[in-house]
Structure formats: C-alpha cells, structure tokens
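Read off the chains here:
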Amino acid sequence: MYPILYSFRRCPYAIRARYCLTILEVKTQLREVVLKAKPNALLALGGPSTVPQLVTQKGERYPESLDIVFWALAQSHNQALVASLWPVSKKRQNKLLAWINYNDHIFKHWLDRYKYADRYPERSEQYYRLRGEVFLARLDQRLNRQAYLMGDSMTLADICLFPFVRQFAAVDARWFSESQYENVQAWLARFLASDAFSIVMQKFPAWQEGQAVVCFPNEN
Ligand SMILES: N[C@@H](CCC(=O)N[C@@H](CS)C(=O)NCC(=O)O)C(=O)O
C-alpha cells in the first residue's frame, strides 16, 4: 500500500509537497486533516503534529514538507524531471535552498502578520505588507530575466515558494493585481493555471479512521 500523507488542502507547506508528488507521479494515501481536530492516528505518532507529514509502510516518517519533497524526488522514475527540479551542481542547490530558507523563515513571518494584521496590532497591515514586499521585489527582479527563479525551467525553488506568494497575493487580490510586481503575477498565474495545481487543490472530506483509501495524486 502507498505511504500515508497527512495533509491540509490550503496549507502552503502541504501544497508544495502535493505539487511535487503530483508532477513526479508519486502515489500516496491522502488523509485530509482538520487542524482544529487532528486525527488520533496523527497525534499518536508523537512529536510534531503539523501537516504535511508522510509515513511509509515501513514506518519511516517524514515530518516536514521539505522531507516529503526530497522523498518524492527519490521515489520518482522520471530522472530528467528530477534533475531539472533539483540541479546537480552544489552551487545551484545552495542557491535554491537559500530561496526556500528565506521564504520559510523571513517572508513567512511577514506573510502571517500581513494576513492576520488584526492579531498583530502593534503595526499596521500596510507596514506588514511593505516588509513582505521586499521579497516580492527580489522575486520580481529575478523573474524579469527568466521564466523561473533559477533559470528557464521550473525547480524546487519555484514549487516551494509559489504557495506562500499565492497567500500573500490573496490577502488583497486587487492590490496585488494592480501592483508593480508583474513578473511575479505572471509566474504565479502560470502555477495557478497548471494542470498539476488543479489536481493539488482537489477537495477531500476530513479523513476518518476506517474509511476507504483516497489515492493522491489521482486523475482530475
Ligand atoms: N516546517 C513545517 C511547517 C508545517 C506547518 O506549520 N503546517 C501548519 C499548517 S499550514 C500546521 O500544521 N499547523 C498546525 C499546528 O502547528 O499544529 C513544514 O515544512 O512542514
């Protein structure tokens, strides 16, 4: 049987993992989690109960989105795609990881504050947006010269970042569409229009113990 993937549809970390699984055609059994009522099977694993998490039939556990991404690369039979998503050169790998690192540790911080500005009343929503825009400006500059962050083909950097930029854009969709970040808009739009994204965003009811297996990715 396929490994178990605990996931939450709208979670940007889970979206990055599901996007990789989809394009690499690596199958899992999806367990859709409601964050306010996590299933006992997830809690019983002990330790972090964030999503996404993947557990293989042998009981090997991948508790972070990036663990799942790299696990998916290792499972794939499509070596050409693997090599283009995760370049062989160490220098390029480090650059790619630097984008993800900045996203996960700095941009995410300002994204949360911009998204939930009422929970962080010490500064205004506009202030939080400006802090997040530093990242958008960097992305935009990079995408001015090329279609994707690392060049003319998609890598893990793009896949790992776009779900977070999507959230940032959605806080005030009008502001984003009228902003100066036209290269980011086009890059994000390509992801949102992709076949893989519609598979990734399929809706599933919350998983319940004993229910029939939901295979992911599935045909759309
Ligand atoms: N570093 C983790 C972060 C995952 C994460 O924070 N997921 C959120 C949902 S977007 C979550 O599970 N929140 C519930 C919780 O923290 O208990 C990863 O890369 O997978």
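Residues numbered from 1 in each chain as written. Predicted model: local features only at pLDDT ≥ 70, side-chain atom pairs only at ≥ 80, totals over all residues. Heavy atoms only, no water.

Looking up the protein chain in an unreviewed UniProt entry gives the name Glutathione S-transferase, with the organism given as Marinomonas pollencensis.

A.B. asks: Account for the pattern of salt bridges, with residues named and values stated.
C.D. replies: This model, assessed by the stated rule, comprises four salt bridges. Here R16 makes a salt bridge to D104, at a shortest N to O gap of 2.7 Å. In this pair, R16 is assigned in helix α1 (residues 12–24) and D104 in helix α5 (residues 90–115), connecting sequence segments 88 residues apart. For the residue pair R16 and D104, the accessibility class agrees, reading buried in each case. One salt bridge connects K108 with D112, and the closest N-O pair in it is separated by 2.9 Å. Residue K108 and its partner D112 are both found in helix α5; the two are separated by four residues, about one turn of the helix. Assigned by exposure class, K108 and D112 land together as buried. (Salt bridge = Lys/Arg side-chain N within 4 Å of Asp/Glu carboxyl O. Helix = DSSP H or I, 4+ residues; strand = E, 2+ residues; numbered from the N terminus. Buried < 20%, exposed > 50% of the residue type's maximum accessible area, 1.4 Å probe, protein only.)

A.B. asks: Can you explain the side chain of Q93? Please cite residues and give values.
C.D. replies: Turning to its location among the elements, Q93 is positioned in helix α5. A relative accessible area of 9% places Q93 in the buried class. Here the side chain of Q93 touches P87 through a polar contact of 2.8 Å, landing on its backbone oxygen. Those residues in contact with Q93 that sit more than four places away from it in its chain are W86, P87 and V88. (Polar contact = N/O pair within 3.5 Å; in protein donor to acceptor, adjacent residues only side chain to side chain. Contact = heavy atoms within 4.5 Å.)

A.B. asks: Outline the site of the ligand, listing residues and values.
C.D. replies: Near the ligand the following residues occur: C11, P12, Y13, L35, K38, T50, V51, P52, E64 and S65. Within the contact set of the ligand, an oxygen atom lies 2.4 Å away from a side-chain nitrogen or oxygen of K38. A distance of 2.7 Å separates a nitrogen atom of the ligand from a polar atom in the side chain of E64. In isolation the ligand exposes 510 Å². Once the protein is present, 69% of that is buried. Looking at side-chain class alone, the shell around the ligand contains six nonpolar, two polar and two charged residues. (Near = heavy atom within 4 Å. Areas by Shrake-Rupley, 256 points an atom, 1.4 Å probe, with all protein chains shown as cover. Nonpolar A, V, L, I, M, F, W, Y, C, P; charged D, E, K, R; others polar.)

A.B. asks: Could you give an account of the domain arrangement of the protein chain, with specific residues and numbers?
C.D. replies: Each domain of the protein chain was delimited in the assignment, giving domain 1 (4–80 + 200–216) and domain 2 (82–196). For domain 1 versus domain 2, the distance between C-alpha centres works out to 23 Å. Contacts between the two partners involve 20 residues from domain 1, matched on the other side by 22 residues from domain 2. Each partner contributes to the roughly 1800 Å² buried at the junction of domain 1 and domain 2, and carbon and sulfur atoms together form 72% of this total. When the buried surface of domain 1 facing domain 2 is broken down by residue, P12, R16 and Y19 rank first, second and third, together holding 33% of it. In this structure, the connection of domain 1 to domain 2 is made through one salt bridge. Residue contributions to the side of domain 1 that touches domain 2 peak at nine residues, all from α1. Its residues assigned to classes, the side of domain 1 that touches domain 2 comprises 14 nonpolar, four polar and two charged. (Domains from an automatic or database assignment. Buried area = accessible area lost by both parts, 1.4 Å probe.)

A.B. asks: How would you explain the sheet that holds strand β2 (residues 28–32) if you had to name every residue and give the values?
C.D. replies: In spatial order, the strands read β4-β3-β1-β2-β5; together these five strands make up an open sheet with mixed pairing. Edge strands, defined here as strands with exactly one partner in the open sheet, are β4 (61–62) and β5 (215–216). Here two bridges tie β2 to β5, and the two strands are oriented antiparallel to one another. Directly across from Q29, in β5, lies its bridge partner C215. Contacts from α1 reach β1 (4–7), β2 and β5, with the element oriented near 145 degrees to β1. (Pairing = 2+ DSSP bridges. Axes fitted to C-alpha atoms, helices over the stretch in contact; angles between N-to-C directions.)

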